[in-house]
Amino acid sequence: MSIAAAALRPRAGRARRTILVALLLAIAAMLIVAEGDTRHAEAQLARAVVAMLTPGRAVASGSIVYFGIGTREVTGLTITTLCSTTVLVVPLVLLSVAVLGVTRARSSRVGLGLAVGVIVAVASNVIRFGTAAWAYSEYGREGFDLVHRYLGSLFVIAGFIAAIVLVLRIALRESSRTRISDAAPRRRGRARADDARRSAGTGGPTISSAMASEASPTDPLAAPLRRDRHRSGTRPGRKDRR
């Protein structure tokens, strides 16, 4: 890879992140502006859950889910602005924008974490609608108030917290392949550093190697020295024979 190509890769990555941030901000703005249409779509999802939990048939019209059709009492469940999933999804989108802005998390993982978090938040809210309708059909207004105001609200809060945790864990978690690819250059760098330290440690002769080179038979200065010592020395036992 050339130097120019290596320099262009970080720029391309920053450009993709900038585009993704702009796209997420646009989505958040659209969700707020088109909040009414979002509630209409959410009513269609809630209708399927309400139909499974309440007697009779259920239909959705606008942001109202009618259930109990075919029975003696037909009731309408209205999805208001404060009860809509928009108030849950928009913070998740802004959280993803913040993750992209302040961390080096990969864009693909941020998108995956946001998708999972949105699914959890929407499912939690739709389940609250279904259980509130079921409580009304079984226990009347008291049951509806208990589930909608207290139990259902706590359930949605728990689901929203779980969605936040999932967004952060998925977005900030590195894949095993990324960890291996990042660790390989570090291992090569440590290996080169160890080689450099070993070569630096054996660069100069030690005392033992210097003595060995002095006593080496190939040293031209060592041979006369050994001959002189041999001439001046006495052989053991020669004096006794005289």
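Residues numbered from 1 in each chain as written. Predicted model: local features only at pLDDT ≥ 70, side-chain atom pairs only at ≥ 80, totals over all residues. Heavy atoms only, no water.

Caption draft 1: Here's a closer look at the pairing of strand S3 (residues 75-78). Burial of S3 is one-sided: the residues Thr75 and Leu77 facing one way are buried, the residues Gly76 and Thr78 facing the other way are not. Relative to S3, strand S2 (residues 64-69) is paired through four bridges, and the arrangement is antiparallel. When the sheet's bridge partners are listed, Val65 is paired in S3 with Leu77. Between S2 and S3, which pair antiparallel one after the other, the connecting turn spans five residues, and Gly70 there sits at a positive phi close to 100°. (Buried < 20%, exposed > 50% of the residue type's maximum accessible area, 1.4 Å probe, protein only. Helix = DSSP H or I, 4+ residues; strand = E, 2+ residues; numbered from the N terminus. Pairing = 2+ DSSP bridges.)

Caption draft 2: Local environment of the sheet that holds strand S1 (residues 57-61). Pairing is antiparallel across the open sheet formed by three strands, whose spatial order is S1-S2-S3. Two strands bound the open sheet, and with one partner strand each, they are S1 and S3. Between one strand axis and the next, the sheet turns by 20° as a mean value, whatever way the strands run. The pairing of S1 with S2 spans five bridges and is antiparallel. The residue of S2 that forms the bridge with Ala60 is Val65. Across the sheet, helix H2 (residues 35-53) is in contact with S1 and S2; its angle to S1 comes to roughly 170°. On the sheet, helix H4 (residues 107-172) packs against S2 and S3 and is oriented at approximately 125° with respect to S3. (Axes fitted to C-alpha atoms, helices over the stretch in contact; angles between N-to-C directions. Contact = heavy atoms within 4.5 Å.)

Caption draft 3: Molecular detail of helix H3 (residues 86-102). Relative to the 24 Å expected for 17 residues at 1.5 Å per residue, H3 spans 24 Å between its end C-alpha atoms, a close match to the ideal helical length. Buried within H3 are the following residues: Thr86, Leu88, Val89, Val90, Leu92, Val93, Ser96, Val97, Val99 and Leu100. (Expected span 1.5 Å × (residues − 1).)

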